[in-house]
Structures are given as structure tokens and as C-alpha cells.
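A look at the structure
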Amino acid sequence: MKKTKKKKRRLRVGRLILLLLIIGAISFSCYKFIDVPIRSIEVTGNEILSDSEIIKAASLDNDPSFFSVISMLVKNKLKEPIEYLEVRGEVYMTNEAFDKVNEIQELNNKKTFANPRNCAAGTLRQLDSRITKQRNLSMFIFNIQDIRGKEITSHSQGYEYLKIQGMKVIDNYQVCHNFEEVWKAIEMIGESRDQLGYDIDGAVVKIDSYAQRQQLGQTAKVPRWAVAYKYPPEEKETKLLDIELSVGRTGRITPTAIFEPVRLCGTTVSRATLHNQDFIDSLDVRLGDTIIVYKSGEIIPKVKGVNKDKRPAGSVPYQIGNTCPVCGAPTYQEEGTVDIKCSNPTCPSKLVRNVVNFVGRDAMDIKGFGLSYVETLIDQGYIHDVSDIYI
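An account of the accompanying structure is given in this report. (Residues numbered from 1 in each chain as written. Predicted model: local features only at pLDDT ≥ 70, side-chain atom pairs only at ≥ 80, totals over all residues. Heavy atoms only, no water.)

The subject of this paragraph is the nonpolar core. Core analysis: the largest hydrophobic core is formed by 38 residues, its most contacted members being Leu-85, Met-93, Ile-147, Tyr-159, Tyr-161 and Leu-162. Elements with a contribution of two residues or more to this core: strand E5 (84-92), helix H2 (95-107), helix H3 (116-124), strand E6 (138-148), helix H5 (155-164), helix H6 (179-191) and strand E8 (200-207). With six residues, E6 is the largest single contributor of residues to this core. Residues within four places of Leu-162 in sequence aside, it is in contact with Val-87, Ile-141, Ile-144, Met-167 and Val-169. Judged by nonpolar contacts, the second largest core, of 26 residues, contains Ile-243, Ala-257, Val-293 and Cys-342. (Core = buried A, V, L, I, M, F, W, Y, C linked by side-chain atoms within 4.5 Å. Buried < 20%, exposed > 50% of the residue type's maximum accessible area, 1.4 Å probe, protein only. Helix = DSSP H or I, 4+ residues; strand = E, 2+ residues; numbered from the N terminus. Contact = heavy atoms within 4.5 Å.)

This is the structure:
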């Protein structure tokens, strides 16, 4: 019997909705019942708090503070009564709030946070709710998970409904009618990334119609009705002020670029490794140059290149030099490598790194024997060799 080929059904896509992807945002779900307090708020699968008097995790348009308005939900003050409403959103920290938190950490002689994501995640898990409140987290609702007592047929209609209720939804979402409009919106968002009060690394395109989403379905891991577009790493130009040379445990000399502070992916950076002389030569990096920096993986600052059109007159190629920057001993390059090393076996910098490595967690794990302590003991002549720490 001849088999007939099954015709593939084509779904004519209607409107699409485009949303921002905030770096470091933490997803949560919030359940609301009429005349019943908030049941729970979950963040990345972990229940953070369940006390409806403490949890304040929604935002109103007239007060975007993270901690000011879940009382609206707890006290059942939706502008339109609803049988059941379940929403999903993301908690994040603005650049301004992040900078203030780190300022307070520095004033209190505490360790600063590396980025807004770490700060937001740690803040949500604080045992002391007063600290959580002080850090001024923000949030927005990006989806209605379930609703009873009102018919919502599209994502954009859901947003309009939430805004009427006074809830804060994601900023700058756009409804598009074709792929050309989608791409234009993606480009426009990418060009205005640095004007936002928070950092984004992409945009999400979703089918607007819930009925069409139902038809498209999903795989075991992802929905077929949504796709994410990731922007290239954020790059910025800054002026190279100096190249700092440091000597490691093995005597390897590592150059580090010191440049005018620039904000990348939520943090201010002013240093990036230049690896070795070969790397410097390949980019032709010179003091006073305007360099292009970015964050690899949104974390590690790196130098991408040099804007030679802005190069100052009279600049000369940079050379690491033939003497150790710490002890002045001759340097040498190991055969078959790009590493330039100090030839002095008793170089103070090598001794510091050796002792720090020896007392560190991966070796002897001696508590309280940090870098500054080691440097002080060596400077005052108490340590000349690793064995001296036991004298």
C-alpha cells in the first residue's frame, strides 16, 4: 500500500512582542488569591520568604521601589476584583542602586559586590529583612501565568491589564507585525543599551497570541513560540594611562593595562590584563592610546584593540624591558614560550607569591595568613624563605 506524505501545517504568525533581557535579573513566581494573603514568592526555585508582612516584591508605576508595594496584593487592592491571578516577574538591581550599595560597603570596610546580579541574589537571601529593604531592589512583571475571572488572549493585552491594575511591567516592550519590524526594534534597543538604568544583554521575541502559542507548543526544554537574541559584548573606548608590571610566583612578568575608569556590564572597571609582550605587539598598544575594552562572558575585563585614529603624536611601541620591575635583576624569555621571567631566585615578589601560595587554601590552609600579612613580614625582614613562617 502506497504511503501518502503527511502535509506539514504552516502557522501564519500574527503579531510578535519583543522584550528586554536584563543582565542579572532573577525570576520569581507570585501567587495571589482573593481574600487570602500571598502564598509564596520563589526565586530560581528556592523559597526566599513566605511572610506576607515582610515580602514586598511588586512595583507600582507611581512607586518603582521593590519594597514599597506588595501590600497592594496582600491587602487585595487590585483596581479590578479578580478570582485568581498568578504572575511571573524578575527582580533586578539598577546601576544607581548597585553603586549606592557598594559605597555603603566601602564605608563599612566590607567587601564590595562584583556585579548587580550577585548583589541582587545575595540581597534576596538575606536573613535580615532590613538589609534587603535598604538595598532598593526593583522588579517588573513579564508574564501572566494564570488568570481566572477574566479572559486574556495575548501577551500585550496582559501587559495592558497589569498596567491598569497599577503593576509595573517590563520597560520598552514593543509589538511588531512582521520580521522587518522585529529586527528594526532589536537594532534600536541595541543602540540605546547604554541609556538604560540597568544592563541588558539581549532581547526576547515572543508570539503575542496565546492561541498560536498553544498551537506551536514546546520542546522538553524550551517553548517553540519564543526566541532570544543576544547582543555582542558591550564595548567602550577609554584612555590607557599606564601599563603596570607584576611578577608572579614563577617569576613570570605580567603587564596590566591601567586605564580611565569605564562602566561595563554593571560595574566600573579600570584594569585589564595584557597577558604578555606578544599580545601587546599584536595590538600595537602604546601609552596614551585610546583602547577598546569589553567584558568576556560579561565578567572579565579585556582589551580588544586600539583606536589608532586617536593615537597621540610621538607615541612609541611599548616594551616590557630587560630588567625585573621589582628587584632590577635581568629578565629572560623561556625557549618556546612567550613568557618573560625574572632571573633572580630571591626576587621579593616571587617570595611573596610563593608564601601566599604555600599558606593558601589549596596548600597548608593557614588561617589569617593573607597577602598583606605576608608582605609586611617580608618587608620587615622576618621571612626570607617559605620555611621561615615556622620559626
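Here we take up the environment of Thr-268. Checked against the element boundaries, Thr-268 lands in strand E12 (residues 267-273). On the accessibility criterion, Thr-268 (52% relative accessible area) is exposed. Taking the C-alpha atoms as reference points, Thr-268 and Ala-114, separated by 154 residues in sequence, lie 9.6 Å from one another. Setting aside anything within four residues of it in sequence, one finds Thr-268 in contact with Pro-261, Val-262 and Arg-263.

What follows deals with the environment of Val-285. Relative to the assigned elements, Val-285 resides in the loop between helix H8 (277-283) and strand E13 (290-296). What makes Val-285 buried here is its relative accessible area of 1%. Each C-alpha atom of the pair Val-285 and Gly-305 lies 7.9 Å from the other, and the pair is 20 residues apart in sequence. Val-285 has contacts with Leu-240, Ile-243, Ile-280, Val-306 and Tyr-318, leaving out every residue within four places of it along the chain.

This brings us to helix H10 (residues 371-379). For H10, the set of buried residues is Val-374, Leu-377 and Ile-378. The arc that holds every buried residue of H10, seen down its axis, measures 100°, which confines them to one face. Summarising the geometry of H10, the exposed residues directed more than 90 degrees from the buried face are Ser-372 and Asp-379. Summarising the contacts, the buried residues of H10 are in contact with helix H9 (348-359). Gly-381 sits one or two residues past H10 and shows a positive phi near 85°. (Arc of directions from axis to C-beta.)

A separate point is the packing of H9 against H10. Running from N to C, H9 and H10 point in directions that differ by 135°, and their axes come no closer than 10 Å. Looking at the two axes, H9 sits oblique to H10. Crossing handedness for the pair H9 and H10: right-handed. Residues Leu-351, Val-352, Arg-353, Val-355 and Val-356 of H9 pack against Leu-371, Val-374, Glu-375 and Ile-378 of H10. The residue makeup of the contact of H9 with H10, split by class, is seven nonpolar, no polar and two charged. (Axes fitted to C-alpha atoms, helices over the stretch in contact; angles between N-to-C directions. Parallel < 35°, antiparallel > 145°, perpendicular 65-115°, else oblique. Left-handed = near helix turned anticlockwise from the far one by under 90°. Nonpolar A, V, L, I, M, F, W, Y, C, P; charged D, E, K, R; others polar.)

Our focus in this paragraph is H3. Where H3 is concerned, the buried positions are Pro-116, Cys-119, Ala-120, Thr-123 and Leu-124. The buried residues of H3 all sit within an arc of 125° when viewed along its axis, so they share a single face.

Nothing here speaks to function; it is geometry throughout.
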